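What follows is each chain in one-letter form.
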Amino acid sequence: MVRIRVLVVDDHRIFAESLAAALAAEPDVDVSAAGSGPAALRCLERAAGESRRFDVMLVDADLGGNVPGSRPAVPVQEGNADGLVDGISLVAGVRSGHPGVRTVVLAEKDDPRRAALALGAGASGWVAKDCSLSRLLTVIRGVLRDETHLPPALLTGVLRELTAARRHRTESERLVESLTPREREVLRCMVAGLGRKAVAERLFLSPHTVRTHMQNVLGKLGVHSTLAAVALARRAGVGPADLGDVVERGGQLA
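The numbering scheme is per chain: residues are counted from 1 as the chain's sequence reads. Under the rules for a predicted model, residues below a pLDDT of 70 receive no local features and side-chain atom pairs below 80 are neither given nor counted, while totals for whole chains, interfaces and linings still include all residues. Hydrogens are left out, water is left out, and the side-chain values use all remaining heavy atoms of the structure.

A. Inspection of the confidence of the model for the chain at higher detail. Confidence of the predictor at the level of single residues is captured by pLDDT, which takes values from 0 to 100. Summarising the model, the chain shows a mean pLDDT of 81, and 83% of its residues fall at 70 or more. In this description, contact between two residues means that some pair of their heavy atoms is separated by no more than 4.5 Å. For the stretch residues 66-84, pLDDT sits under 50, and the model shows 33 contacts to residues farther than four places along the chain or on other chains.

B. Broad picture of the packing of helix 7 (residues 181-191) against helix 10 (residues 226-235). A fitted line through C-alpha atoms represents every axis, and for helices the fit uses only the stretch in contact; the resulting angles, taken between N-to-C directions, go from 0 to 180 degrees. Here a strand is any run of E in DSSP of at least two residues, a helix any run of H or I of at least four, and the numbering for each starts at the N terminus. Between helix 7 and helix 10, the least distance of the axes is 9 Å, while the angle of their chain directions is 100°. In terms of orientation, helix 7 and helix 10 fall into the roughly perpendicular class. Across from L187, M190 and V191 in helix 7, the residues of helix 10 making contact are T226, A229, V230, A233 and R234. An angle counts as roughly parallel when it lies under 35 degrees, as roughly antiparallel when it exceeds 145, as roughly perpendicular when it falls between 65 and 115, and as oblique in every other case.

C. Geometry of the pairing of strand 4 (residues 102-107). Buried means the residue's accessible area, taken with a 1.4 Å probe over protein chains only, is under 20% of the maximum for its type, while exposed means over 50%, and partly exposed covers the values in between. Across the six residues that make up strand 4, a large majority, five, are buried. Pairing between two strands requires that DSSP report at least two bridges joining them. In terms of strand pairing, strand 3 (residues 56-60) meets strand 4 through five bridges, oriented parallel. Bridge pairing in strand 4 places V56 opposite R102. Both strand 4 and strand 5 (residues 125-128) contribute to a ladder of four bridges, which runs parallel. Bridging across to strand 5, L106 finds its partner in V127. Note on handedness: a crossover is taken as right-handed if, strands pointing away from the viewer, the path from the first strand over the helix to the second is clockwise. You can see the chain leave strand 4, run along helix 4 (residues 112-121) and come back into strand 5, and the turn it takes is right-handed.

D. Highlighting the nonpolar core. Residues grouped as a nonpolar core are buried Ala, Val, Leu, Ile, Met, Phe, Trp, Tyr and Cys residues, joined through side-chain atoms within 4.5 Å. Among the nonpolar cores identified, the biggest contains 32 residues, and L7, M57, L90 and W126 are the most heavily contacted of them. Elements represented by at least two residues in this core include exactly strand 1 (4-9), helix 2 (37-49), strand 3, helix 3 (87-97), strand 4 and helix 4. Those residues in contact with M57 that lie beyond four places of it in its chain are L7, V9, L44, L90, V94, V101, R102, T103 and V104. Formed by 26 residues, the second largest nonpolar core is a distinct cluster that contains L179, M190, L194 and V223.

E. Local environment of the pattern of salt bridges. Salt bridges are counted wherever a side-chain nitrogen of Lys or Arg sits within 4 Å of a carboxyl oxygen of Asp or Glu. As enumerated under the stated definition, the model contains twelve salt bridges in all. Among the ionic pairs, R114 bridges to D62, the shortest N-O distance being 2.8 Å. Of this pair, R114 sits in helix 4 while D62 sits in the loop between strand 3 and helix 3, and the two are 52 residues apart along the sequence. For D62, a relative accessible area of 24% puts it in the partly exposed group. Two residues, R145 and E147, come together in a salt bridge whose shortest N-O distance is 3.2 Å. By sharing partners, the salt bridges in this structure join D10, D60, E108 and K129 into a single network.

F. Looking closely at the packing of helix 3 against helix 4. Put simply, helix 3 and helix 4 touch, their axes get as near as 8 Å, and they point 15° apart. Considered as vectors, helix 3 and helix 4 are oriented roughly parallel to each other. Viewed along their axes, helix 3 and helix 4 form a crossing whose handedness is right-handed. The residues of helix 4 that touch helix 3, namely those facing I88, V91, A92 and R95, are R114, L117, A118, G120 and A121. By residue class, the composition of the contact of helix 3 with helix 4 is six nonpolar, one polar and two charged. Rotating anticlockwise by less than a right angle from the far helix to the near helix defines a left-handed crossing, while the corresponding clockwise rotation defines a right-handed one. Note that Gly is not counted as nonpolar here; it falls among the polar residues with everything else outside the nonpolar set of Ala, Val, Leu, Ile, Met, Phe, Trp, Tyr, Cys and Pro and the charged set of Asp, Glu, Lys and Arg.

Structure representation (structure tokens):
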């Protein structure tokens, strides 16, 4: 019998332990539980190191108590100041670090926007916490066959959200493409959280020159703040600068 290894991630201990116990009663399911994002990552790393990789991770949509509707933004390796990682950020981190693990988000209520964010982060399913055990097992086994599972009532809303997100991404990509190579380097430094002085030091430019580049970036992107520029850049798929590489190239390009 092929056994399915499941990791339940929920900071409500009673719920996590009850769900784990219910799943463990199935003859082909092995279950572990974690109470936070960092704890879940440690479980995944430990299991991978022991060649006992998890197959499916069930994660609480509201893990860490984040405000509903927020975008994944917490560095998944570190968590926030309290050591917390929100559910959707955890999904994205697991997709990046453990691509073989299928993730299913467990939610208190149906929310098309957050479900779309979860799918965009790499989740294979979105399931209500009050669904039946048989339904949850169907989803677990389905995602292992590369199926995507959503409640029927969410399908139209999620498709609408994904279509809108794709349209925004296309427009954002077009705006980023209008930047010069140097302006894109400056934008990537902005995404990395560097201020004007730090960007100047990294790229071997004067603060005045960096200020001009930043103003040009904001103007071409049609935004009025660094935060808005960073948000647009992330929608376009622009990641933070690899600061070591920037220093090396900076001396050549300046």
